Amino acid sequence: MKKTLIATAALLSLQATAVSAANVNIYGVIEEGILVQKADGANATTELKSAFDLGSRVGLKGSEDLGNGVKVGFILESGFSPDTGAYANGTSGFTRESLLYVQSDTFGRLGFGRTGTLGCGLQSFNMQTGYVFMNGYGLIGWDQNMNNFLRANNVIAYQTPVKAGFDAGLMYSNGFTDDSGNEWSDNQHYYGAALRFRNDKIKTSLILEEKSQDKTVKGSESKYVVNYGIEYDLGSFTPMFSYRYVSQNGSLTGHKVGLSAKIPAGHGTFKVAATYLWGHDESKSDETKVNSWSVGVAYEYPLSKRTVLKPFIGYAKSGQAWKDDTVLNVANVRNAWQGYLGLHHFF
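Residues numbered from 1 in each chain as written. Predicted model: local features only at pLDDT ≥ 70, side-chain atom pairs only at ≥ 80, totals over all residues. Heavy atoms only, no water.

S.K.: Kindly report on the packing of aromatic side chains, identifying the contributing residues and their values.
M.R.: As enumerated under the stated definition, the model contains 17 aromatic pairs in all. Their ring planes at 85° and their centres at 6.0 Å tell us that phenylalanine 52 and tyrosine 137 sit as a pair that is edge-to-face. With phenylalanine 52 in the loop between β2 (45-50) and β3 (57-67) and tyrosine 137 in the loop between β7 (108-116) and β8 (151-159), this pair connects stretches of sequence that are 85 residues apart. Measuring from centroid to centroid gives 4.3 Å for phenylalanine 52 and tyrosine 340, while their planes differ by 25°, and the two rings are stacked. A residue pair is termed long-range when its members are at least 10 positions apart, and phenylalanine 52 in the loop between β2 and β3 and tyrosine 340 in strand β18 (residues 336-346) qualify at 288 residues. No difference in accessibility class separates phenylalanine 52 from tyrosine 340, as the two residues are buried. One aromatic cluster in this structure is built from Phe52, Tyr131, Phe133, Tyr137, Trp142, Phe312 and Tyr340. Residue placement shows lysine 61 over the ring face of tyrosine 27; its charged tip is 4.9 Å from the ring centre. The ring of phenylalanine 125 is capped by arginine 109, whose NZ or CZ atom sits 4.3 Å from the centre of that ring. (Phe/Tyr/Trp six-rings, centres within 6.5 Å; stacked < 30°, edge-to-face > 60°. Helix = DSSP H or I, 4+ residues; strand = E, 2+ residues; numbered from the N terminus. Buried < 20%, exposed > 50% of the residue type's maximum accessible area, 1.4 Å probe, protein only. Lys NZ or Arg CZ within 6 Å of the ring centre and 35° of its normal.)

This is how it looks when you write it as structure tokens:
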């Protein structure tokens, strides 16, 4: 409780300072809705659900011009649950993102701190493309059943300037969760490299990532991920394709493909997607071959420039190997559906 009060007071103090400081902005998102879900062998549940799509957050962004086209800036972003007011992504502090960076049109951007990995679909250095729901909307989210690395601590990240539509990113974590008290070789490191192309019609990216073995944890294994995505704006709609490959030292290998689209309709936008995953999981003694598929559709209707109403319905099914695995507090994903009606507001 004491730590929470101190962190809250610090945030309020920073907000008060931001009002009078140049080039510092307070921003945020709040999302809340009603989620109904039912899984095979479990009771249907109804709950007030925050962060079903967008994580609620409050943050500070600031920058200072150093001259000659160079600026230094920072991002401090804290997640919270509107249900209870409690912190999300940790117990306190700016756990969504805590970043110091130097940026120039000539050499690009160099950042230090805690942020999202290159292929996680979140935060300042994200370069993922090709999927309409990314990490949101429950069991249709791109990370479901095949988690990527999300956020990392102790990061050094670099992103090149955009040239002819192309840019590249490099990221290194000196310790995915902690880099103190251990030899360098014992820390769990993250390595990422990405190439992206964007113009008025096309967005596409290829991302290679590795999280090394944590030698301080027994049984830890290195994990390797390849992400590819492409989307093409046809005007009337935007079709998308995404692919992910994951390998964890041979004990877990998986492939996932996603077909999705963004379709303007009326004053809002339909989002539709279908995914299929296959591979093997040696941790399952009876059946090592794994597979799952999911479908979902949402309609995002803007009530204003900053407020959006968003109904959603989705369904997921997996093979016997994952029949007992959990996702989003649903008993399993072997046969599960979700319905959601929510609202998000940017400020």
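S.K.: Break down the pattern of salt bridges for me, citing the residues and quoting the values.
M.R.: For the coordinates displayed, the defined rule picks out seven salt bridges. The partner of aspartate 167 in a salt bridge is arginine 196, and the shortest N-O contact between them spans 2.7 Å. Of this pair, aspartate 167 sits in strand β9 (residues 166-173) while arginine 196 sits in strand β10 (residues 190-198), and the two are 29 residues apart along the sequence. Given the relative accessible area of 8%, arginine 196 is considered buried. Arginine 198 is paired through a salt bridge with aspartate 167; the nearest N and O atoms lie 3.4 Å apart. Highlighted residues: arginine 198 in strand β10 and aspartate 167 in strand β9, separated in sequence by 31 residues. (Salt bridge = Lys/Arg side-chain N within 4 Å of Asp/Glu carboxyl O.)

S.K.: Could you give an account of the side chain of serine 205, with specific residues and numbers?
M.R.: Along the polypeptide, serine 205 turns up in strand β11 (residues 202-211). By relative accessible area, which is 3% here, serine 205 ends up buried. Within the structure, the side chain of serine 205 is placed 2.9 Å from the side chain of threonine 129, a separation counted as a polar contact. Excluding residues that lie within four positions of it along the chain, serine 205 makes contacts with Met127, Gln128, Thr129, Leu195, Arg196, Asn227, Tyr228 and Gly229. (Polar contact = N/O pair within 3.5 Å; in protein donor to acceptor, adjacent residues only side chain to side chain. Contact = heavy atoms within 4.5 Å.)

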